[in-house]
Amino acid sequence: MTHSLDIGGSLLLLGAGKMGGAMLEGWLALGLAPGNVAVLDPHLPAAAAAQLAEAGIAVNPSLAFLGTPAVVLLAIKPQVMEAALPSVAPLFGPDTLAVSIMAGKTIAGIAALLPPRTAIVRAMPNTPAAIGRGITAAVPNGFVTPAQKEAADALLRATGALEWIDDESLIDAVTAVSGSGPAYVFHLVEALAAAGSAAGLPADLAMRLARATVAGSGELLHRSDQPAGTLRQNVTSPGGTTAAALAVLMGEGGLASLMEKAVLAAKKRAGELAS
Ligand SMILES: NC(=O)C1=CN([C@@H]2O[C@H](COP(=O)(O)OP(=O)(O)OC[C@H]3O[C@@H](n4cnc5c(N)ncnc54)[C@H](O)[C@@H]3O)[C@@H](O)[C@H]2O)C=CC1
Ligand SMILES: O=C(O)[C@@H]1CCC=N1
C-alpha cells in the first residue's frame, strides 16, 4: 500500500475506543503508515490489540520506546483526562501537536496538563469517520503553526468533511449536533422500526425497511445538491400519506421542538463535562 497520509512524523493515539478506533480505521484505510502509529490504551480488548499489532501498530509500548510524536490524538473519555494526560505529557516535544476530540474539555483545561505553549487543536468528529464520511469541526489554539494546522487538516479531512472554526465556544453546540448526531439518526431507525411493528409489520421486516430507508435517504441527501426540505417535499404528495404523517411530526410538540430540547440537553452536558 502507498502511504499517502503524511503528518510529518509519528502519531500517538491515546484511547482507541469507539471514536479513536473509528478514526484510526479511517486513517489506515487512507494510507497512514502503521509503523508511524502507536496506541496507548490500557483497557483495549485483547482481540483489538492483536489486530492493531498485526497491522504493524505499536500497542501499549513502554513510554521509553516512544520517540517524540508529531501528533497526539486525545481520544480518551473526558472523565479520565486528569488521570491519563499527565503520564503522556513528558512525551511532548516543542513541535508536538495535541488533537483532542474529548467532548466538553476546553483548550485551557487540556493545556493546563501539558507543557507550556503546547499546540492544541480541539476537534469534534463523529463515528461515520470510520468510513470516511464523518464531519469534524476544529479550532486551533494560538500555538498551532501553519505546518501543524496542515497536519491536523490532513488527519481530520481524511475521515470526512472538516470545518475549521475560530470560536471555541461553538464546539459544545457542534458536539450536540454532529458529534452526538449519528446516535439520533440510529434512534430514528429504531423508532421507525418500532412504529412499523406497531402498525402490524413483522419486527424483522420493519427493521429492514427502516434501516434501508434511513440509509438510502442519507445517501440521497449526500449525492443531491437539493435542500433537505425539497427532498422532503418530493416525497410528500398533497393530501397523501406522507402529509398525514408530517402533520404529526411537524406539528406542535413535534420533531423540531423535541430535537431542539435534545440538542440543548447535549450542549448543556458538554458544558458540564468541562470541569
Ligand atoms: N463515540 C463518539 O461518537 C464520539 C466520541 N467523542 C469523544 O471521543 C472520546 C472517546 O469516546 P469513545 O471512543 O466513545 O469512548 P470509548 O470508551 O469507546 O473509548 C475510550 C478509550 O479510552 C481508553 N482509556 C481509558 N483510560 C485510558 C488511559 N488512562 N489511557 C489511555 N486510554 C484509556 C478506554 O480503554 C477506551 O478504549 C470521548 O472524549 C468522547 O467525548 C467525540 C466525538 C464522537
Ligand atoms: O456521548 C458523548 O459524550 C460523545 C461525544 C459526542 C458523541 N459521543
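Residues numbered from 1 in each chain as written. Chains lettered and ligands numbered in written order. Predicted model: local features only at pLDDT ≥ 70, side-chain atom pairs only at ≥ 80, totals over all residues. Heavy atoms only, no water.

Enquirer: How would you explain the pattern of salt bridges if you had to name every residue and give the values?
Expert: If you walk through the whole model with that rule in mind, you get nine salt bridges. Arg157 is the salt-bridge partner of Asp153, the closest N and O atoms lying 2.9 Å from each other. With Asp153 and Arg157 both in helix α5 (residues 146–157) and four residues apart, the pair spans about one turn of that helix. Judged by its relative accessible area of 42%, Arg157 falls in the partly exposed class. Several salt bridges converge on common partners, so that one network encompasses Arg122, Glu168 and Asp172. (Salt bridge = Lys/Arg side-chain N within 4 Å of Asp/Glu carboxyl O. Helix = DSSP H or I, 4+ residues; strand = E, 2+ residues; numbered from the N terminus. Buried < 20%, exposed > 50% of the residue type's maximum accessible area, 1.4 Å probe, protein only.)

Enquirer: Hey, could you go over the pairing of strand β4 (residues 71–74) for me, with residue numbers and the actual values?
Expert: Going residue by residue along β4, you find Val71 and Leu73 tucked away on one face and Val72 and Leu74 tucked away on the opposite face as well. Pairing geometry for strand β1 (residues 11–14) and β4, over four bridges, is parallel. When the sheet's bridge partners are listed, Leu12 is paired in β4 with Val72. Bridge count for β4 against strand β5 (residues 97–100) is four bridges, and the pairing is parallel. Residue pairing for β5: Leu74 is matched across the bridge by Ser100. Traced from β4 through helix α3 (residues 81–88) to β5, the parallel crossover comes out right-handed. (Pairing = 2+ DSSP bridges. Right-handed = clockwise from strand over helix to strand, strands pointing away.)

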